[in-house]
Number of protein chains: 2
Amino acid sequence: MSATSQRIVLASRPTGAVTPDNFRLETVPVPEPAEGQVLVRVHYLSLDPYMKGRMIESRSYAQPHPIGDTMIGGTVGVVEKSRNPKFMAGDTVAGVLGWQEYGLSDGRGLVKVDSSQVPMSAYLGVLGMPGVTAWYGLNRICEPKAGETVLVSAASGAVGSVVGQLAKMAGCRAVGIAGGPEKCGYVVDELGFDACIDHRLHPDLKSMARAVREVAPAGVDCLFENVGGICLDGTLACMNPFGRIALCGLIAGYDGEAIPIHNTRMLLVMRLKLQGFIVGEHMDAWPAALKELGAGVAGGRIKYRETIATGLASAPEAFIGLLRGRNFGKQLVKLV
Amino acid sequence: MSATSQRIVLASRPTGAVTPDNFRLETVPVPEPAEGQVLVRVHYLSLDPYMKGRMIESRSYAQPHPIGDTMIGGTVGVVEKSRNPKFMAGDTVAGVLGWQEYGLSDGRGLVKVDSSQVPMSAYLGVLGMPGVTAWYGLNRICEPKAGETVLVSAASGAVGSVVGQLAKMAGCRAVGIAGGPEKCGYVVDELGFDACIDHRLHPDLKSMARAVREVAPAGVDCLFENVGGICLDGTLACMNPFGRIALCGLIAGYDGEAIPIHNTRMLLVMRLKLQGFIVGEHMDAWPAALKELGAGVAGGRIKYRETIATGLASAPEAFIGLLRGRNFGKQLVKLV
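Residues numbered from 1 in each chain as written. Chains lettered and ligands numbered in written order. Predicted model: local features only at pLDDT ≥ 70, side-chain atom pairs only at ≥ 80, totals over all residues. Heavy atoms only, no water.

Comments concerning the relation of the copies chain A and chain B
We apply this condition: Copies are brought into register by a least-squares superposition over C-alpha atoms of residues with pLDDT of at least 70 in both.
The two copies are related by a screw motion: chain A maps onto chain B through a turn of 180 degrees and a shift of 0.0 Å along the axis, at an RMSD of 0.0 Å. A rotation of that kind, with that shift, is consistent with a two-fold axis.

Observations regarding the domain arrangement of chain A
All names here are of chain A. Our working definition: Domain segmentation is taken from an automatic or database assignment of domains. By buried area we mean how much accessible surface two parts lose on assembly, using a 1.4 Å probe and totalling the loss over both. Within this document, salt bridges are pairs made up of a side-chain nitrogen of Lys or Arg and a carboxyl oxygen of Asp or Glu, the two lying within 4 Å of each other. For the purposes of these results, a polar contact is taken to be a pair of N or O atoms within 3.5 Å, where, inside protein, one atom must be able to donate a hydrogen and its partner to accept one; residues adjacent in sequence count only when each atom of the pair is a side-chain atom. The numbering of helices and of strands both runs from the N terminus, where a helix is a DSSP run of H or I of at least 4 residues and a strand a run of E of at least 2. The residue classification treats Ala, Val, Leu, Ile, Met, Phe, Trp, Tyr, Cys and Pro as nonpolar and Asp, Glu, Lys and Arg as charged. All others, Gly included, are polar.
The assigned domain composition of chain A is domain 1 (4-125 + 305-334) and domain 2 (129-280). Centre-to-centre separation of domain 1 and domain 2, based on C-alpha positions: 28 Å. Interface area, domain 1 with domain 2, both sides summed: about 1300 Å², of which 59% is carbon and sulfur. At the boundary of domain 1 with domain 2, the tally comes to two salt bridges. With its nearest N and O atoms 2.9 Å apart, the salt bridge here joins D255 to K52. At the junction of domain 1 and domain 2, the tally comes to seven residue pairs in polar contact (both at pLDDT 80 or more). Of all the secondary-structure elements, those providing two or more residues to the side of domain 1 that touches domain 2 are helix 1 (50-55) and helix 9 (315-323). The residue inventory of the side of domain 1 that touches domain 2, partitioned by class, reads nine nonpolar, five polar and six charged.

Describing the packing of aromatic side chains
Residue and element names in this part refer to chain A. Convention followed: Stacked, tilted and edge-to-face are the three classes applied to pairs of Phe, Tyr and Trp rings, where Trp contributes its six-membered ring and a pair requires centres within 6.5 Å; stacked means planes under 30 degrees apart, edge-to-face means over 60, and tilted covers the rest. Note on classification: 1.4 Å probe, protein chains only; a residue is buried when its accessible area is under 20% of the maximum for its type, exposed when over 50%, partly exposed between these limits. Sitting over a ring, as applied to charges here, requires NZ of Lys or CZ of Arg to be within 6 Å of the ring centre and within 35 degrees of the ring normal.
Taken as a whole and assessed by the stated rule, the structure comprises twelve aromatic pairs over all chains. Measuring from centroid to centroid gives 5.2 Å for F23 and W99, while their planes differ by 15 degrees, and the two rings are stacked. Placement of F23 in strand 2 (residues 23-29) and of W99 in the loop between strand 5 (92-95) and strand 6 (102-105) is noted, with a sequence separation of 76 residues between them. This pair shows no difference in class: F23 is buried, exactly as W99 is. The ring of F87 is capped by K112, whose NZ or CZ atom sits 5.9 Å from the centre of that ring.

Describing the interface of chain A and chain B
The test is simple: Whether two residues touch is decided by their heavy atoms; if any such pair falls within 4.5 Å, the residues are in contact. Strand pairing is assigned whenever DSSP detects at least two bridges linking the two strands.
Chain A puts 36 residues into the contact, and the matching count from chain B is 36 residues. When the two sides are added together, the surface that chain A and chain B hide from each other amounts to roughly 3000 Å², 61% of it contributed by carbon and sulfur. Applying the counting criterion to the chain A and chain B interface returns two salt bridges. R271(A) is the salt-bridge partner of E281(B), the closest N and O atoms lying 2.3 Å from each other. Counting every contact that joins chain A to chain B gives twelve residue pairs in polar contact (both at pLDDT 80 or more). Mapped onto the side of chain A that touches chain B, the elements with two or more residues apiece are strand 12 (239-247), helix 7 (264-269) and strand 13 (273-276) of chain A. Examining the composition of the side of chain A that touches chain B, we find that six residues originate from one element, helix 7 of chain A, more than from any other. Residues that form the side of chain A that touches chain B fall into these classes: 21 nonpolar, nine polar and six charged. In this sheet, strand 13 (residues 273-276) of chain B lies alongside strand 13 of chain A in antiparallel orientation, the contact comprising three bridges.

Observations regarding the packing of helix 2 (residues 129-142) of chain B against helix 3 (residues 160-169) of chain B
Residue and element names in this part refer to chain B. To keep things clear, this is the line we draw: All axes are obtained by fitting lines to C-alpha atoms, using only the stretch in contact for helices, and the reported angles, taken between N-to-C directions, cover 0 to 180 degrees. Here roughly perpendicular refers to angles of 65 to 115 degrees, roughly parallel to angles under 35, roughly antiparallel to angles over 145, and oblique to all remaining angles. Should the near helix be turned anticlockwise from the far one by less than a right angle, the crossing is left-handed, and should it be turned clockwise, the crossing is right-handed.
Here helix 2 crosses helix 3 at 50 degrees, and the two axes come no closer than 8 Å. Between helix 2 and helix 3, the angle is such that the two are oblique. Note on packing geometry: the crossing formed by helix 2 with helix 3 is right-handed. Within the contact between the two elements, helix 2 uses G131, A134, W135 and L138 and helix 3 uses V162, V163, L166 and A167.

Comments concerning helix 8 (residues 286-298) of chain B
Residue and element names in this part refer to chain B. Inclusion rule: By definition here, a helix of n residues has an expected span of 1.5 Å times n minus one. What the arc measures is the spread of directions leading from the helix axis to the C-beta atoms.
A rise of 1.5 Å per residue sets the reference length of helix 8, with its 13 residues, at 18 Å; its end C-alpha atoms lie 17 Å apart and thus fit the reference within 8%. When we look at burial in helix 8, the residues that qualify are W286, A289, L293, G296 and V297. Seen end-on, helix 8 carries its buried residues on one side only, within an arc spanning 105 degrees. Opposite its buried face, helix 8 presents the exposed residues P287, K291 and A298, each directed more than 90 degrees away. Once helix 8 finishes, G300 follows within two positions and takes phi at roughly 80 degrees, a positive value.

Some thoughts on the environment of A3(A)
Within the element layout of this structure, A3(A) appears in the segment before strand 1 (4-10). Filtering out sequence-adjacent residues up to four positions away, A3(A) remains in contact with V28(A), P29(A) and V30(A).

Some thoughts on the environment of E182(B)
Residue and element names in this part refer to chain B. With respect to the helices and strands, the residue E182 is situated in helix 4 (residues 181-190). In this structure, the C-alpha to C-alpha distance between E182 and S105, residues 77 residues apart in sequence, is 40 Å. Every residue in contact with E182, bar those within four places of it in the chain, is listed here: R305 and F328.

So, the side chain of N327(A)
All names here are of chain A. Along the chain, N327 falls in the loop between helix 9 and strand 15 (330-334). Polar side-chain contacts of N327 include one of 2.8 Å to the backbone oxygen of G329. Those residues in contact with N327 that lie beyond four places of it in its chain are K183, T307, G321 and L322.

Focus on the pattern of salt bridges
Residues and elements named next belong to chain A. Applying the stated criterion across every chain, the model contains 25 salt bridges over all chains. The partner of K81 in a salt bridge is E32, with the nearest N and O atoms 2.4 Å apart. Of this pair, K81 sits in strand 4 (residues 75-82) while E32 sits in the loop between strand 2 and strand 3 (38-46); the two residues are 49 residues apart in sequence, bridging distant segments of the chain. For E32, a relative accessible area of 52% puts it in the exposed group. Where D91 meets K112, a salt bridge forms, and the shortest distance between an N and an O atom there is 3.8 Å. Remark: K112 occurs in strand 7 (residues 111-112) and D91 occurs in the loop between strand 4 and strand 5; sequence separation between them is 21 residues. Each of the salt bridges in this network shares a partner with another, and the network as a whole consists of R7, R24 and E26.

This is the structure in structure tokens:
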């Protein structure tokens, strides 16, 4: 065990795109747990689009992240020292310890996970927040029925990939939107989606709407939206009456780009329901979601893919890459 | 009883704003009811924004109205001759007999109404489709709780006026948007809203958002949207977390104007629910709605106002006026 711990703090707020100088790497002594606390060595750090929202100061669902504080982030790791009776040294634990090599926890929000059947990194993806996000938005907002068409944007990502696979398991036609032929090929060939649109080939609304119509000839009943912009607007043009839209993310606008909705009329004319959500506000859904997701992963019916950066210092670039769509599946940073 | 009946048919489809030459007045013989049919003399014709959607050929929730057919429209009148055992000559009946002086019905969609306590015209407004629309959108989509703020656009209209009064009865702060000082004064002074924004004073998004913030200092929890455009977009900027939006109409875009939503992010960030609806698809709600609305009208707690044009020939101009916001309260045409 090294005597020092690296961490990455928020150095400044981005005014547009995130840049490396918005972060600062610091080296501090490894902290000692007080009574009731646990010291965790972080093995994997999760990078997620929501972090961008916390870095800026606009009106958002959470307080902006304080300048100088360790960046927030989901983590999985191993208990190094415990002064909390609920945890023992050697326990594998998932939690939100942030962008650092060692983190202290009083045990709240820290969950023991079983890494004997699945790699611990899965608890940051398919069996963690992204997986439960997919499950919640699909089952609690979209409520797809067998035979319906489900479209998901960012389909190769940590959330989107699970949405489509769950939709297939529910007897739906699953259609994705992803960036580039490699991701689209993966979505169809590996994940079993029925079709995938490469959004790079459809940079305008009309072209995107036409592409959606081609892959969803019976119209779209459920839209799981991670991207916004032309993805959302183009799909709106193809929604069926009483369609449901789970609004999970708007990554197309994360650098402040305008992401207007032009097909406003469709919301009324097709009597659509659109609902924004954050999975952390629906903790009651987690047990049911994790049970189904765990069974799907264990049975090989739910596949997932990870992009792993190595070393804490690589986190800022990996995060910027995630916001640009450079990752392929769940973006992680491996620290150990 | 005159031997001829006037009717107004759709002469051509509007390409933008509706114009008088989209309509044609025809004189035909008064029809004779066949076995099972009822001949109704129409006393009042209802004019409603949805009719614009039926005149054009865009993708909408209903088939476009056929050229040459009598314009669709809700009516209330008196049975003149009946060959249907469910109706007697002299019965006052509400139905959808269209823009004509005499209409035939096989009894389906025809409802006997009691005009002894309220004028029969009320069954086209507060006790008809507009009133039930208000009740449904507010109670089934917005679900306001006492103490919350409810905002409704087109607040002096047939739907909006009922929304605000029901919101007050539910213990909410009711805020309206209407066009001009006269309508705003009526909304506050007569209908009892807490405040009303004159949208003519706020032609841009920023100004409208500021105006909403002023009248809804605690934020908006429920939006009942009849207008769209800047009304919707400006209010979006002021929505509270978990706000609900009942999307009932988009009259700002009825002539084909672009009505984009710019505050897309608020839908996600505030975890809003937005739902489009058409009250005719929720017939199960009508009895409960009419019971509550009837009690409110009878008890004087729900007020309403009508703008009445006289004579069938005045219907096209009255309809064009409605689309321009020239009416004040429920727009009717009096035929008898």
